[in-house]
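Inside the fold
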Amino acid sequence: MNNIELPVEVPIPTGLALRLGAAFAFHPFEYSKVLIQLGHEPLAPRNTKTLLGRPALAYPSVFQYCGHIRKRDGVLGMWRGVSPKMLSLAVQHLAGNKFNELYPPLAELKEEEEDALTMDERRERFIKITLREIACKITCVVVSQPLQVLAIRSMAEFVGGEDKFSGGLTAGLYGGAVSILNENGILGFWAGLIPRVLGEVGILGVTASLTFLINTYLLEDKEMAQYTGHVAGFLAGSLCYPLQVTSTCMTVSRSGLAAGYPPRMPLYTGWLDCLSHLRSQGQLKRGSSLIFRYYTGPQVIIGDRVIPANSNMFKSPLKP
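Here's what I pulled together on the structure shown here. (Residues numbered from 1 in each chain as written. Predicted model: local features only at pLDDT ≥ 70, side-chain atom pairs only at ≥ 80, totals over all residues. Heavy atoms only, no water.)

Spatial strand order, E1-E2-E3: three strands in an open sheet with antiparallel pairing. Of all the strands in the sheet, the pair left with one neighbour each is strand E1 (46-49) and strand E3 (293-294). In this structure, strand E2 (residues 55-59) lies alongside E3, joined through two bridges in antiparallel fashion. For Tyr59, the partnering residue across the bridge sits in E3 and is Arg293. (Pairing = 2+ DSSP bridges. Helix = DSSP H or I, 4+ residues; strand = E, 2+ residues; numbered from the N terminus.)

Written as structure tokens, this is what we have:
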């Protein structure tokens, strides 16, 4: 991937071009994931069995979810919100480059130079590199959050059928910005910022810390050490995923869209209230699996069938 080079005439860095291309190609899956994180499940779950043979209710996979979007909004509708999303990625790239110019990273050490460092020097170097990366990540997230809000709210319009953040000559950017100012004021452009920052910083910090600890104190094999970061990144992403769900919900909460109000979403007082509610409902991981998705709400098992439970099931037939 690193060896791919674009023609000189193309006025865009290769890394950014590849990232934007991938974001555009896989946007329908990202779109579906955002709707799932918001708790929007337009397709009823079906009876199935888990890998252990237990009866369960399974939601359709992300491919069927994309098919539902296509049936309702057409093929182009599957790319709702792609413009602000790609602009957000571009802004993050530019902000990261500017940060690197102002605060250059430490020079990379050769293998023999790194082996010559004492343990205290290694720890000091690790802390400096990690803190700098965290500062860069926070900068990129804060700068790009307004476009992230526009993208997520544009996708959330699918729930209520609004068009405040979609269409027009500006691909919904102008109309969306006006809607945010009217509904939430200037701070609305940074809705959902805190859980997003905490999630991004958490992933970066946990990944870097686990990689450093394992490679320094546990692994001696240099060949195995190169895979530590990937495994640590996966674990960190899973650990911090609830914050991503919380950020998505808070971005849409009280936004003027149907998806951000009861009965589709409670009126949260803040992101901690949202996180607490999602935890109580067992919904902190929704959207983390896009293929095998199981209904986790109240349910009753009768024989080999699972039936979603609701309050009407427990009312006495003798009472009106």
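Here the narrative resumes.
Before going further, it helps to examine the side chain of Arg132. In this structure, Arg132 sits in helix H6 (residues 119-160). Judged by relative accessible area, Arg132 falls into the buried class, the value being 14%. Each residue touching Arg132, except ones within four places of it in the same chain, is listed here: Phe99, Asn100, Tyr103, Pro104 and Pro105. (Buried < 20%, exposed > 50% of the residue type's maximum accessible area, 1.4 Å probe, protein only. Contact = heavy atoms within 4.5 Å.)

A few words now on a negative patch on the surface. Taken together, the side chains of Glu111, Glu112, Glu113 and Glu114 present a region of like negative charge at the surface. Locating Glu112 in the fold gives a position in helix H5 (residues 111-115). Given the relative accessible area of 55%, Glu112 is considered exposed. (Patch = residues over 30% accessible without salt bridge, like charges linked within 9 Å, V, L, I, M, F, W, Y side chains within 5 Å. Areas by Shrake-Rupley, 256 points an atom, 1.4 Å probe, with all protein chains shown as cover. Salt bridge = Lys/Arg side-chain N within 4 Å of Asp/Glu carboxyl O. Lys, Arg positive; Asp, Glu negative; His and termini not counted. Charge placed at Lys NZ, Arg CZ, Asp CG, Glu CD.)

Function cannot be read off these values alone, since they describe shape.
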